[in-house]
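Residues per chain, in single letters:
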Amino acid sequence: MTHSQDTQASVTAKTFRLHDRAVSARPLEVALYLVATPIGNLGDITLRALEVLAGADVLACEDTRVTRVLLDRYGITTRPYAYHEHNAEEVGPKLIEALAAGKSVALVSDAGTPLVSDPGYRLGQLALEAGLKVVPIPGPSAPLAALVGSGLPSEAFVFAGFLPTKDKARRDRLAQWATTPATLIFFESPHRIGATLAAATEVLGVERPACVCRELTKTFEEFRRGTLGELSAYYDDERQVKGEIVLVVGPPLAQAAPDAADIDRLLIELSKTLQTAKAAAEAAKQTGLPRKELYQRLLELKSEQ
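Values in this document were obtained by computation on a predicted structure and should not be read as measured data.

Trainee: Break down helix 3 (residues 64-73) for me, with residues and values.
Mentor: Three- or four-residue spacings in an α-helix give side chains the same orientation, since the helix completes a turn every 3.6 residues. Among all positions of helix 3, only Thr 67, Leu 70 and Leu 71 are buried. Burial along helix 3 is one-sided: seen end-on, the buried residues are contained in an arc of 100°. Lining the buried residues of helix 3 we find helix 2 (47-55), strand 4 (58-61), strand 5 (80-82) and strand 6 (105-108). Measuring from the side-chain oxygen of the N-cap residue of helix 3 to the backbone nitrogen of Arg 65 gives 2.9 Å; that N-cap residue is Asp 63. Just downstream of helix 3, Gly 75 is the residue with a positive phi angle, here 60°.

Trainee: So, the packing of aromatic side chains: which residues are in play, and what are the values?
Mentor: All chains considered together, the criterion is met by three aromatic pairs. Between the aromatic rings of Phe 159 and Phe 187, the centroid separation amounts to 4.9 Å while the plane-to-plane angle is 65°, which identifies the pairing as edge-to-face. On the criterion of sequence distance, the pair formed by Phe 159 in strand 8 (residues 157-162) and Phe 187 in strand 9 (residues 183-188) is long-range, its members being 28 residues apart. On the basis of relative accessible area, Phe 187 is assigned to the buried category, the value being 14%. Through a chain of ring-to-ring contacts, the aromatic side chains of Phe 159, Phe 162 and Phe 187 assemble into a single cluster. Cation over ring: Arg 224 sits above Tyr 234, and NZ or CZ is 3.8 Å from the ring centre.

About the cut-offs
Every chain is numbered independently, its residues counted from 1 as its sequence is written. Thresholds applied to this predicted model are a pLDDT of at least 70 for local features of residues and 80 or more for the giving and counting of side-chain atom pairs; totals over whole chains, interfaces and linings are not thresholded and use all residues. Values shown for side chains rest on all heavy atoms present in the structure; no hydrogens or waters enter the calculation. Working definition: with a 1.4 Å probe on protein chains only, accessible area under 20% of the residue-type maximum means buried, over 50% means exposed, and in between means partly exposed. Counting from the N terminus, the helices are the DSSP runs of H or I reaching at least four residues and the strands are the DSSP runs of E reaching at least two. Working note: the arc is built from the helix axis to C-beta atom directions. We call two residues in contact when some of their heavy atoms are within 4.5 Å. In protein, a polar contact requires one atom able to donate a hydrogen and another able to accept it; more generally it is a pair of N or O atoms within 3.5 Å, and residues adjacent in sequence count only if both atoms are side-chain atoms. Any two rings among Phe, Tyr and Trp, with Trp reduced to its six-membered ring, count as a pair given centres within 6.5 Å; such a pair is stacked if its planes are under 30 degrees apart, edge-to-face if over 60, and tilted if neither. Distance and angle both matter: a charge sits over a ring if NZ of Lys or CZ of Arg is within 6 Å of the ring centre and within 35 degrees of the ring normal.

Here is the structure:
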């Protein structure tokens with residue numbers, strides 16, 4: 001082999017670099033690999049992820065510039081191709097064709113785990129529908145990092161993604177989760193966190209514990225813990241907030257069962273201005289008791305009058 005051929009082989013070899021040492025990537029089985037990448041600190045990449053990124057025949061990503069930074073850090077020469085919400089209809093079928101032709105395909109998002117709040121979900125569906133193998137390569141995850149850093153209960157949790165941008169829709173969505181016996185995890189943008197906390201305080205309760213997790217794994221990582229009321233006051237409209245945010249809200253606070261006489265008084269009062277079904281629904285919202293039981297009780301109270 002000539003010097004030029006040797007140089008060519010070293011450039012095209014499927015390797016990655018660890019502490020200035022080249023590591024050969026083993027051949028990959030034909031499959032769609034969903035590769036988790038760092039959410040901030042590039043040192044959070046896993047060895048298995050590096051091997052897949054270096055060894056894949058095709059590498060698809062949200063933004064080639066973002067992925068190139070990670071690849072350059074670890075000396076990976078694989079060329080990334082863009083796959084995002086604006087070209088998914090065109091590029092998705094081509095990636096499936098590559099898989100069907102016997103090539104290994106790796107998919108990464110700009111940060112974190114693919115298919116979580118990004119267009120990769122559809123590509124995974126297409127691969128499974130075509131009978132192709134899908135392999136998750138686990139690693140960094142913003143929801144999990146926020147959960148374990150928040151100090152809130154982790155026995156049961158719900159990742160609810162992004163809340164709607166419109167205030168009414170946002171409050172309606174929060175109301176859907178209000179009585180769920182689990183810690184809630186939301187993505188939020190820095191310019192909406194104040195409005196979201198204000199809505200959450202009203203819908204979920206001022207004393208409910210929460211944590212605003214900002215810039216996870218990055219230089220200015222911050223966990224601000226408190227009640228929703230305290231956090232809403234801190235992140236008011238005057239405060240300028242920067243960076244990516246995950247909002248974690250603890251499960252509903254345990255409440256003593258309301259007194260039966262108090263429930264009857266509430267039902268009677270509500271029925272003065274609301275129809276029976278709506279009065280029962282409003283009472284359920286205020287007390288946390290089943291709507292059907294309250295509806296039946298209100299019918300009984302009306303029959304006694």
